[in-house]
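Listed here are the chains, written in short residue letters.
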Amino acid sequence: MTICAGQDAAALDSPPRAALTLAADGSYAARLTRHDDAAGSWYPERWTIGGPEPYAVPLPGSQPEEPDSALLPLADGRVVIVRRVADRFTVSLLSPTGPGTHEVLVGAVAARALTLLPPAPGGLLGYALVPGAGSTAVWRVHGGAAGPERVAVVPGGCTGGVWLDHGGRLLAVDRELDGRTKTVVVDLARGGEVSPLLQITEESDDRLVLADPDSGLLLVRSDAPGRDRLGWGVLGSSLPVRFPECLRVPDMAVTPFAVRPGRTLPPENCAVAFRLDGPAGTRLGVWRPSERRLRRFPAPEGWLAGSGRWAPDGELLLPYATEAVPCGVARMAIPLEPVAGAGARAATRGETGTEGEPGAGEPEVGAGVPVEASSPTGAGVPAEPGVPVAVGGAAEAAVPSGGITEAKVADVAVLPDPGATEGALIVLDTVEIGVDSTASPQSEPPAGEPLDLSPHPRMCRPVPLQQAPLATQESRWSADSRPVSIPAGAVQPVDPATDGTARVTSRREPGEVPTRTAASDLTE
């Protein structure tokens, strides 16, 4: 959140912030809430949601908190709190100790405004954006050697903040410079070196909203189609950014807040959860690039809007608080439609796209020269005109713009969004929640920088859309799990020559087949 001296944080031009901030690994969360007394004063509250049962611990200080104090939960259970004090911001660490709260002052940052960035990968570092005169500084407010320290300076005014890798090295921010807003990447391991990331057209304002480092799926917001629209692309891909018509909902603010990690999924099959704010209140939306509709569901009662994460098994976990349950997590099983195979999809691909192609009927903006990506796509990806979404070459390198200014949005028919509420099952549960959905499959970054380090880090190669396997299974509704039993005599023939688990210790008669228990014979 942003804290501004002399300006109400709620008045800032930014999407609605979540009422609860989750740690990087989802094990803890933190929020500001009110006392039940007559004064209704504010105090921090830490949630533990990575154990067998969620619970909340109050972290009150010696005096009530201001409503614009910012909280950042860490993966070790401590909470970073940033308070505005006169012309500076103090940074402290809170942790429960017996009946009270243990507070340690980390340091202070002299600034007129400060914005805490989302939790950094790893869960133990905290960063913030501090605007200055013609530039924006990136501060490490927690995890440094001696208190808060400035780690990078980016020319222009920066907002947003999305992490692009699992090592906490590549930070994407939306930079306003010379009247235009473009997303750039700040390499924190190379002294804050800046590279372009998004440039759909030269005259458009392009912002990065959400990213999945595993699959490379990016959610962007841009006015390139003629008005401010939500679109999607793939990091390092030469395919164009698409702007689905279903994500443009009249009289409703559509804000993505969680993407299902795509460690084993192609980007077009990664589900994205949305917060939908309209005249009728706040609802929940779920969308996949391979589907051409935004499905809407009623939000659970007491949902702390804008907060949540996907579990490894595909369930959507939504924190909520009611008078009866002051700390709970709703587990929502989302039935995802099966996607056609790659061969069938390739057969239905045409000049302007068909219903069988993900993104059919979606405007494709740009027809320029692709930006050189630091993680190039492999051979076999067809050269398709469009605007790439890729990390640029040299720092602050100019983006090739041949043909971009002449690009037009395709005028194609779009299937209408039915807008009907679907019968999603919401289970208010307190069973154990997995917290490993964002764990990095890569090795930990080295403590020191090697001498032969490339000018830009190589990103994990995203799955190109035309090479991505599209076979998937439809999700099942499940409220709880029950033990299974193995009936007596349940057998299945196996071949000991190909099955290493089958051992034959006795002699068999000719034609006799060894047997073993089969998983298909299990009954509930």
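Residues numbered from 1 in each chain as written. Predicted model: local features only at pLDDT ≥ 70, side-chain atom pairs only at ≥ 80, totals over all residues. Heavy atoms only, no water.

Before going further, it helps to spend a moment on the pairing of strand S6 (residues 70-73). Covered by surrounding structure in S6 are Ala70 and Leu72 together with Leu71 and Pro73, the residues of both alternating faces. Across 4 bridges, the pairing between S6 and strand S7 (residues 79-85) is antiparallel. In the sheet register, Leu72 faces S7, and the bridge partner there is Val80. If you look at the hairpin formed by S6 and S7, you'll find 5 residues sitting between the two strands, and Gly77 has a positive phi there, around 100°. (Buried < 20%, exposed > 50% of the residue type's maximum accessible area, 1.4 Å probe, protein only. Helix = DSSP H or I, 4+ residues; strand = E, 2+ residues; numbered from the N terminus. Pairing = 2+ DSSP bridges.)

Further remarks concern the packing of aromatic side chains. Scanning all chains against the criterion turns up 3 aromatic pairs. Look at Phe257 and Trp303: their rings are 5.7 Å apart centre to centre, the planes differ by 50°, and that puts the pair in the tilted class. A residue pair is termed long-range when its members are at least 10 positions apart, and Phe257 in strand S22 (residues 253-259) and Trp303 in the loop between strand S25 (295-297) and strand S26 (309-310) qualify at 46 residues. Ring geometry for Phe274 against Trp287: centres 6.2 Å apart, planes inclined by 75°, an arrangement best described as edge-to-face. In this pair, Phe274 sits in strand S23 (residues 272-278) while Trp287 sits in strand S24 (residues 281-287), placing the two residues 13 residues apart along the sequence. By relative accessible area, which is 0% here, Phe274 ends up buried. Trp287 sits in the buried class, given a relative accessible area of 0%. (Phe/Tyr/Trp six-rings, centres within 6.5 Å; stacked < 30°, edge-to-face > 60°.)

Of all hydrophobic cores here, the largest spans 18 residues; its most connected members are Leu217, Leu219, Leu247, Val272, Phe274, Trp287 and Leu294. Listing elements by their share of this core, those giving two or more residues are strand S19 (217-222), strand S20 (229-234), S22 and S23. Setting aside anything within four residues of it in sequence, one finds Leu217 in contact with Leu210, Ala211, Asp212, Trp232, Gly233, Val259, Pro267, Cys270, Val272 and Pro289. (Core = buried A, V, L, I, M, F, W, Y, C linked by side-chain atoms within 4.5 Å. Contact = heavy atoms within 4.5 Å.)

Before going further, it helps to spend a moment on the sheet that holds strand S5 (residues 55-58). Taken in spatial order, the 4 strands of this open sheet run S2-S3-S4-S5, and their pairing is antiparallel. Of all strands in the sheet, those with a lone pairing partner are strand S2 (21-22) and S5, marking the two edges. Where strand S3 (residues 28-34) and strand S4 (residues 42-48) come together, 7 bridges link them in antiparallel fashion. Looking across to S4, one finds that Ala29 is bridged to Trp47.

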